[in-house]
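What the coordinates show
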Amino acid sequence: MGKTCFLLPLMVAVLLPTSGATLSADSPNITTDQLALLVVKHHITHDNQNILATNWSTSNSVCNWVGVTCGSRHQRVTAMNFSGMGLVGTIPPHLGNLSFLAWFDISNNSFHGSLPFELANLQRLKYLNFENNSFSGEIQSWLGSFTKLQSLYLGHNKFTGFIPSTLGNLSKLEMLSLYNDDHLKGQIPVALGNLSNLKYLYLDRNRLSGSLPSGIFDQLPKLKEIYLNWNLITGRIPNGLFKCKELNIISLSHNSLEGNVPMEIRNLTVLKNFFLGWNNLKGLILSSIFNISSLEEVSLGYNKFSGHLSSDMFDHLPRLRYIDLSERRIPTLPPSLLCVDLSRNNIDGEIPSSVCNLSSLKELDLSDDNLDGIIPKCLGNLSLSLLHMSLYMNNFYGKIPEVLFPESCSLRSCRISSNQLEGQIPQSLVNCKDLETLDLGNNKLNDTFPTWLRGLKNLQILDLRSNRFYGYIVNPEVASSFSRLRIIDISDNDLSGHLPMKFFKNLLAIINGSEREGEAEYMKFVYSNINVYYEESISITLKGLERRFTEILTTLTVIDFSNNRFSGLKGPIPSSFGNLSTLESLDLSSNKLQGRIPAQLVNLDFLQVLNISWNNLKGLIPEGSHFDTFTNDSYYGNLGLCGFPLSEGCGNDQGSEPPPTKFDDERRELNWKYSILMGYGCGVVCGLSMGYIVFTTGKPWWFIQIIERVQQKYVGRKIRGRRGRK
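Here's what I pulled together on the structure shown here. (Residues numbered from 1 in each chain as written. Predicted model: local features only at pLDDT ≥ 70, side-chain atom pairs only at ≥ 80, totals over all residues. Heavy atoms only, no water.)

**Some remarks on the pairing of strand 18 (residues 256-259)**
Test applied: Note on pairing: two strands pair once DSSP finds at least 2 bridges between them. In this text, helices come from DSSP runs of H or I with a minimum length of four residues, and strands from runs of E with a minimum of two, each type numbered from the N-terminal end.
Bridging between strand 16 (residues 232-235) and strand 18 involves two bridges; their strand directions are parallel. Paired with Thr 234 across the bridge in strand 18 is Ser 256. Where strand 18 and strand 20 (residues 280-284) come together, two bridges link them in parallel fashion. The residue bridging Gly 259 from the neighbouring strand is Leu 281, located in strand 20.

Next up, the structure:
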């Protein structure tokens, strides 16, 4: 933000009484509003676009200030809209003097701190939106005093504690959004049942617990959307919920609800989206659900329902676009479907040919089931519409059909890993020009490295691990390809030869990955005409253990060439590694490294994992910082090393490494520039693993990042046009 006018402290001192928050005595006017907003400006610590610094000036009428609107009758501030301005700061109590304020929107900024009590003076408020900031503390009970309030958005902050029952006093409230605060706990107050004008209730992604009060929905006749998913709610679905006959969306997934789905669901004749997945519900899947002709999206998976769907179950659902069921076989599906998710239902048998008739299908997810047989060739008929095909973790066998990828191929993600597929990768895959993810790992594919994949210019993830690929992986053309590749795993094959530096130098997405700024994002594709989106996932080997990542950060970079027959590394470890201040894991095991361990590595304060075993290193092991925590396993197989934690002491001629000369650094850079090849500690000297590496040039020229835990699957939520699936 620009410099604040130096007269501001004097103005506040002279014009404001000592009471602090009271800006005018008996007759508030536009000057009162102006002074209050100048205090707001003073509390803004960062104004990325310099909007307030350049526009909020006493030389202009406050009614002309950016984000400020005045009423024509009283010429008082009636609306403030700072949404998405990139502001950082706190809310001063002086805002409580804007007594004519009816619209207050500061959403999508970085305001923090608690909400001052003086805001309770804003009794004309009709719209209050503090969403997507960093406010903390408890949600105060005085928020229930705004008798004219129609919309209250407090979601995506850091509020803690309980939902105050006083919110039940907001008799005119139509929208209540407290979603994704993550720390709100306790039961949903019964008093919310008094909000007879409520249309939209968003309490998802919190820690709300207990059962749903039986009578809370009895007096909510106007309720259209309710989101309670991703909480800790237990008990049964109350019958009263189905008295809200205007409901369009019900999302109760990812809780611990029990019992049956009430028969009264048939009363909801305008219901569009019905999400009950990931609970403990049981009983027969009610046929009455599938008589609601308005239904567009249904998620019932990951429950304990019994029985099967009849062949005509979908005949009355002409608008159905998304289905997620707990079924043991694939039913005959309506042709209007856009998304089919039958994953992780232990479905057996073969893929029926009727699936090939879903001409509008965008996503087909049959992963992690028990399907077998060959992959139907007719799936190629879906090429114009199908964007994501997930058939991994089944028992499919035979060859991947060449006709699966015709010239009209629209696939962005093809995942057929962990099956029994044989033969070669069909070269027709090059027709899928938009392909971003190709996951064929853990099969029995027998082929040379598919160099023709260089034609897929958008490819970001390539997983061919644990197959029977053989020969060299690169030729001069391949060495200059794959510029968008961020994750490549070709481990556990029979590939051989040298790894040209040009190949790694051209991995531009990996080279530039560490330069990305801002909040982490995940690989996903949002469908424009449906309230669901597709998220990528992948299995990665970390520290010798395979882990499943149910979401993929766009900053994640992985290279794994382990357990092949590539040539090993030679030469010393560059001392410049000590500049990698955020390095967490370094594995250079099972190679032919020589010389001493650079003392500069002691500077790596975040280093948690070190494996330089099975090389030809010698001399004193550096001491200090994290090096004192590493065990013998980090150094095993280097007979020339000595010092802690090894039992061998060092003689006078085995001191620590002397400071490197300029010649040493230049010589080492010749061997290491553009790539770090990390040995996989498997006992095979020629096995190489390169994991979590970001190559850059001219700066710190590589970076390694390991994600140590799998975060809970994130489903982004937006108030408008919002909602991820399930």
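**Here we look at the nonpolar core**
Condition: For this analysis, a nonpolar core means a set of buried residues of the types Ala, Val, Leu, Ile, Met, Phe, Trp, Tyr and Cys, connected via side-chain atoms within 4.5 Å. Burial classification: accessible surface area is computed with a 1.4 Å probe over protein chains only, and a residue below 20% of its type maximum counts as buried, one above 50% as exposed, and the rest as partly exposed. The contact criterion used is simple: two residues touch if any of their non-hydrogen atoms lie within 4.5 Å.
Within the largest apolar cluster, 150 residues are counted, with the highest numbers of intra-cluster contacts made by Leu 37 and Phe 290. Elements supplying a minimum of two residues to this core: helix 2 (30-42), helix 3 (51-55), strand 2 (68-70) and strand 3 (77-81). It is helix 2 that contributes the most residues to this core, five residues altogether. Discounting residues that sit within four places of it in the chain, Phe 290 has contacts with Ile 285, Leu 300, Leu 309, Met 313, Phe 314, His 316, Leu 317, Ile 323 and Leu 325.

**A look at the sheet that holds strand 37 (residues 494-497)**
The strand order across the open sheet built from three strands is 35-37-43, with neighbouring strands paired in parallel fashion. Whereas interior strands pair on both sides, the edge strands pair on one side only; in this sheet they are strand 35 (470-471) and strand 43 (565-566).

**Quick notes on the pairing of strand 31 (residues 420-423)**
Strand direction decides the pairing type here: strand 29 (residues 395-399) and strand 31, joined by three bridges, are parallel. Each bridged residue has a counterpart across the sheet, and for Gly 398 the counterpart in strand 31 is Leu 421. Sheet topology note: the strand 31/strand 33 (residues 444-445) ladder contains two bridges and is parallel. Looking at the pairing, Gly 423 lines up with Leu 445 of strand 33.

**Section: the state of the cysteines**
Put simply, the rule is: By convention in this document, the label disulfide applies to cysteine sulfur atom pairs within 2.5 Å.
In total, this model carries four disulfides according to the counting rule given. A sulfur-sulfur distance of 2.1 Å marks the disulfide that ties Cys 63 to Cys 70. Disulfide Cys 63-Cys 70: the torsion about the S-S bond is -95 degrees, which places it as left-handed. For the pair formed by Cys 63 and Cys 70, the shared burial category is buried. Disulfide partner of Cys 356: Cys 378, at an S-S distance of 1.9 Å. In this structure, the disulfide formed by Cys 356 and Cys 378 twists by about 55 degrees around the S-S bond and is classed as right-handed. Of this pair, Cys 356 sits in the loop between strand 25 (348-349) and strand 26 (363-365) while Cys 378 sits in the loop between strand 27 (370-373) and strand 28 (388-390), placing them 22 residues apart in sequence. Once the disulfide-bonded cysteines of the chain are ranked by sequence position, their pairing pattern turns out to be 1-2, 3-4, 5-6, 7-8.

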